[in-house]
Number of protein chains: 2
Amino acid sequence: MSEEYTPPDGYRGPLQKRLTKEGLRTWSMIRVIKKDGSHYEGVLLPRSMHTSDDYISIKVDTGYNIGIMLPDDAEITEIGYKAGDYKIPEKIVERNPDLPDVTLLGTGGTVASRLDYRTGAVLPAFEPSELFSAVPELIEICNLTPKTLYKILSENFCAEYWIKTAEAIAKEIEEGADGIIIGHGTDTMSYSGSALSYFLRDLPVPVVIVGSQRSSDRPSSDGPINIMNASTLAAHGDLAEVVVVMHGTTSDNYDFIHRATRVRKMHSARRDTFRTVGDIPLGKIKNRDIEFFRDDLRRRGGPPEDFHLDTKIDERVTMLYFYPGMEADTMHAIIDKGYHGIIIIGTGLGHVGKPMYEALDRAKEEEIPVVIVVQPLFGYSQLRVYETGRDMLARGVIEGKNMLPEAALPKLMWALGHTKDVDEVAKIMQTNIAGEITTRETYSGFPILQGGVKNFYETYTSVDKIE
Amino acid sequence: MSEEYTPPDGYRGPLQKRLTKEGLRTWSMIRVIKKDGSHYEGVLLPRSMHTSDDYISIKVDTGYNIGIMLPDDAEITEIGYKAGDYKIPEKIVERNPDLPDVTLLGTGGTVASRLDYRTGAVLPAFEPSELFSAVPELIEICNLTPKTLYKILSENFCAEYWIKTAEAIAKEIEEGADGIIIGHGTDTMSYSGSALSYFLRDLPVPVVIVGSQRSSDRPSSDGPINIMNASTLAAHGDLAEVVVVMHGTTSDNYDFIHRATRVRKMHSARRDTFRTVGDIPLGKIKNRDIEFFRDDLRRRGGPPEDFHLDTKIDERVTMLYFYPGMEADTMHAIIDKGYHGIIIIGTGLGHVGKPMYEALDRAKEEEIPVVIVVQPLFGYSQLRVYETGRDMLARGVIEGKNMLPEAALPKLMWALGHTKDVDEVAKIMQTNIAGEITTRETYSGFPILQGGVKNFYETYTSVDKIE
């Protein structure tokens, strides 16, 4: 136990008393042994506001922070201590008139986690300016102005924030930014990216969404490279769309540029989790070198007077995942709750079972548009092929073509913000607004066995560590 | 107009009068021109029972059957006629005592579509014996006894049919079958395959689920090769699990053997739509040659007395797809409707937003197990990494590890059929029963850009035709 004792930050109630009694401080290296035999070792972290009152947070060897419930009969011992005296390593840099001006809008998420280098702890709070210090190369790429919009976790990034973010982007563009970067948690990046794609009409500059799958203190963090590539694109890329820039492989060799409406988080943990679905990405960025793979991009420098915001939405839209045996009751309940539009993720070409028909009939009668997208994720909703599809069409459902669920949900909110007429909504939903519908899909990008069949055993042993 | 006129099969009401008035028969080649300028040509098909009353079915050049709504002001003309005199080409074959006995249980779906060779029409009705005639090679592989269990479309293949199918399989095994094939529509194959994997305990022989993505009349049909490969595995494979056998590539070169609990339909239309997710398949079959890629298989020939059925389930389970902004109201409605278990498909590592917490609290209080699986499909649900996850764990949710939604849904029904105790349910859900949970995932099988970045343009032009 140290001589200058301070109780651990942020803990409350009985847990705080317990930790104080044991003389444990923030940054203590502790060992916890529970009655069930499980044991843990790690650095005791300051408690963040949202942790439950009976959990402690420790940083374990793998670099992750974990929460441990601490029952009264668990043993807890300090086995080491290394004081943390974290302060924001803010760097003040003069504006370089030869470089483009880029605004980084921080919203929260892993890209924003900050590191106490002395203790190895990741602190949840964040000032974007820290990134600038963490990635000094940025000075050569652009004049980066970091601003914190809010600090929310990705899963709470709902329609209200889509609009606020779009407004903040519009303000920066009007004030002369040459490019925008949005720091965003990775979980729901595709939903927000799609919404921004519909909201920001006739963009004159790139809007680059970036995040990280590993917090910045981990040797494997993808944050610094992603932010460097995002800055390169935002400052110098001849592109004026909403895109996602994230690792292309599990190595640090390049990032892909994904159109926001065609990208999806396809792995819960991997660094190359983002995949353009049913198409190839727009390009890649490696060592500050941008390579576009295609020429159907909206280019930078459209007339600034064309640029406008269109954030009229109706948030009362929900999404249903069909499964065999699904009854109509859930959909009835949704209609009862007053939802104005429903996305159904149907099986195969977009089918639902017969028991759902009566709810479809009711939605038709009550003029609630129902848009069908496909559970396989790759490929199109086509309801003219089988009887079931034709039965569904007769009930007024709208084929969502090859829109991803993440792109379809904000689009239906946006369509309903403009009209309540079901035919008009159908027309908007089936019109390509921002790349969310393509007329064909590529073979490339479909999951295959890498290296072919002969290479199975090799790939089997080169498995990524699951954390 | 033909001299021996018969009105077109199965049409009713005003539509029948209309077709009769125009002198159109089943198998007439017709042209339809609508006032909106759209026009169609194809063979008029007999109407199946479930088509809506104002639609006609025609078979178009691409081989697909499509439904066309026929308004009063549309022009409809016969432009040709080729009589169809379809009869079942049943082949009677003597049992060969040197070959294994395999039962093919037909349930409906595309594999079961039958062809009128003279007209090119696909008739929805089906007798499994026809397959035997269509794929004569089967005679050399096994003694195949085809039986029709029922004729349902895949999207209606719910828990009731899972149980009936399991019972039918058990009966065949008890009567001495050396292998079982289930003909199944592809849409929901993974759901049924997972259910059967939990129901059929200590299988002594292979249970092979097979289907087709293209009806048997199309030059590109995968049905015959899939059924041949499925028969090879059912008759000769040293394996005793529930598996799915479907095309490995878009060519006819080989089929993959997928463990039913780890496979997913990943494309709405492609022939190689089935992909083992997060792992490599069990093996492949090419020209009747079975190659296993791994040795962790359950092998054929377990003691027959160990084999037993365990179909105790509670069907009142539903599935929710989380999205940012999702309110608790839908989940409250589900609890109000009396569901006993909920699968939530969460973002990233399995997260839901804060507005959902109150519904999670209620589910905990009412002892309704909530199991979390991941929206990215690849990777694990891990709720100890971020605050949100820990908040969710504190509310009693159960990490679904790396179970696919298709495997998790029937498993939760099965777990609740055995116990209503939430802790017991959690224990069952987190225990690997039939390969649905693995301790690690392979790199192989994750979507990548085929041929690497250099090959983009090439793969972009070799795009599969979207039908």
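Since the model is a prediction, treat every value here as computed from it, not as a measurement.

Caption draft 1: Representation of the overall build of chain A within the structure. Along the backbone of chain A there are 12 helices and 23 strands. By residue count, 55% of the 467 residues in chain A fall in the buried class. Pairs at least 24 apart in sequence give 71% of the contacts found in chain A among residues at least 6 apart.

Caption draft 2: Main features of unusual backbone geometry. The phi torsion at Glu367 of chain A lies on the positive side, around 55°, for a residue other than glycine. Classification of Glu367 of chain A as partly exposed rests on a count of 13 C-beta atoms within 10 Å. Even without glycine at this site, Asn287 of chain B takes up a positive phi of about 45°. By secondary structure assignment, the location of Asn287 of chain B is in the loop between β17 (283–286) and β18 (289–292). Take Asn287 of chain B: there are 10 C-beta atoms within 10 Å of it, and that puts it in the exposed class.

Caption draft 3: A look at the nonpolar core. By size, the foremost hydrophobic cluster in this structure holds 214 residues, and its most contacted members are Ile180 and Val208 of chain A together with Ile180 and Val208 of chain B. Those residues in contact with Ile180 of chain A that lie beyond four places of it in its chain are Thr103, Leu105, Ile169, Glu172, Ile173, Val205, Val207, Val208 and Ala234 of chain A.

Caption draft 4: Region of the structure containing the sheet that holds strand β22 (residues 370–374) of chain B. Residue and element names in this part refer to chain B. Spatial ordering of the open sheet is given by β20-β21-β22-β23, a layout of 4 strands whose pairing is parallel. In this open sheet, the two edge strands, each paired with only one partner strand, are β20 (317–321) and β23 (398–399). Relative to β22, strand β21 (residues 341–346) runs parallel, the two being bridged by 5 bridges. Bridge assignment links Ile345 to a residue of β22, and that residue is Val373. Where helix α10 (residues 405–418) meets the sheet, it contacts β20, β21 and β22, and its direction lies at approximately 160° from that of β21.

Caption draft 5: Representation of the packing of helix α5 (residues 189–199) of chain A against helix α10 (residues 405–418) of chain A within the structure. Residues and elements named next belong to chain A. Between α5 and α10, the least distance of the axes is 8 Å, while the angle of their chain directions is 40°. It follows from the interaxial angle that α5 and α10 lie oblique. When the axes of α5 and α10 are compared, the crossing they make is right-handed. On the side of α5, the interface is formed by Ser190, Tyr191, Ser194, Ala195 and Tyr198, while α10 contributes Glu406, Ala407, Leu409, Pro410, Lys411 and Trp414. Grouping the constituent residues of the contact of α5 with α10 by class yields 7 nonpolar, 2 polar and 2 charged.

Caption draft 6: Representation of the environment of Tyr323 of chain B in the model. With respect to the helices, strands and loops of the structure, Tyr323 of chain B is situated in the loop between β20 and α7 (329–336). What Tyr323 of chain B contacts, discounting residues up to four positions off in sequence, is Tyr191, Met319 and Leu409 of chain A.

Caption draft 7: Region of interest: helix α9 (residues 387–394) of chain A. Residue and element names in this part refer to chain A. Of all 8 residues making up α9, 6 are buried, and the element is well covered by its neighbours. Buried within α9 we find Thr388, Gly389, Arg390, Asp391, Met392 and Ala394. Gly396, located one to two residues past α9, shows a positive phi value of around 85°.

Caption draft 8: The sheet that holds β18 of chain B, seen in detail. Residues and elements named next belong to chain B. Taken together, the 8 strands give an open sheet; going across it, the order is β9-β6-β10-β12-β13-β14-β17-β18, and neighbouring strands pair in mixed fashion. On the outer flanks of this sheet lie β9 (143–148) and β18, each paired with one strand and no other. When the angles between neighbouring strand axes are averaged without regard to direction, this sheet yields 25°. Direction of pairing for β17 relative to β18: antiparallel, over a ladder of 4 bridges.

Caption draft 9: Local environment of the environment of Arg440 of chain B. Mapped onto the elements of the fold, Arg440 of chain B is located in the loop between α11 (422–429) and α12 (456–461). Expressed as a C-alpha distance, the spacing of Arg440 of chain B and Ile343 of chain B, which sit 97 residues apart in the sequence, is 22 Å.

Caption draft 10: A look at helix α8 (residues 357–365) of chain A. Residue and element names in this part refer to chain A. Of the positions making up α8, those classed as buried are Ala359, Leu360 and Ala363. Projected down its long axis, α8 carries its buried residues within an arc of 105°, all on one side. Packed against the buried residues of α8 are α7 (329–336), β21 (341–346), β22 (370–374) and α9. Immediately downstream of α8, the backbone of Glu367 shows phi near 55°, a positive value.

Caption draft 11: A look at the confidence of the model for chain A. Residue and element names in this part refer to chain A. Chain-level statistics for chain A give a pLDDT mean of 83 and a share of 82% at 70 or above. Scored below 50 in pLDDT, residues 85–89 makes 7 contacts in the model with residues more than four places away or belonging to other chains. Confidence drops under a pLDDT of 50 for residues 114–126, and excluding neighbours within four residues, the segment shows 38 contacts in the predicted structure.

Caption draft 12: Focus on the pairing of strand β6 (residues 101–106) of chain B. Residues and elements named next belong to chain B. Judged by how many residues are buried, β6 sits mostly within the fold: 5 of 6 residues are covered. Pairing analysis gives 5 bridges linking β6 to strand β10 (residues 179–183), with the strands arranged parallel. Within β10, the residue paired with Thr103 across the bridge is Ile180.

Caption draft 13: Representation of the environment of Glu366 of chain A. Within the element layout of this structure, Glu366 of chain A appears in the loop between α8 and β22. When the C-alpha positions of Glu366 of chain A and Asp310 of chain A are compared, they lie 27 Å apart, and in sequence the two are 56 residues distant.

So, how was this worked out
- Residues numbered from 1 in each chain as written.
- Chains lettered and ligands numbered in written order.
- Predicted model: local features only at pLDDT ≥ 70, side-chain atom pairs only at ≥ 80, totals over all residues.
- Helix = DSSP H or I, 4+ residues; strand = E, 2+ residues; numbered from the N terminus.
- Buried ≥ 20, exposed ≤ 12 C-beta atoms within 10 Å, placed from the backbone.
- Contact = placed C-beta atoms within 7 Å.
- Core = buried A, V, L, I, M, F, W, Y, C linked by C-beta atoms within 7 Å.
- Pairing = 2+ DSSP bridges.
- Axes fitted to C-alpha atoms, helices over the stretch in contact; angles between N-to-C directions.
- Parallel < 35°, antiparallel > 145°, perpendicular 65-115°, else oblique.
- Left-handed = near helix turned anticlockwise from the far one by under 90°.
- Nonpolar A, V, L, I, M, F, W, Y, C, P; charged D, E, K, R; others polar.
- Arc of directions from axis to C-beta.
- pLDDT = per-residue confidence, 0-100.

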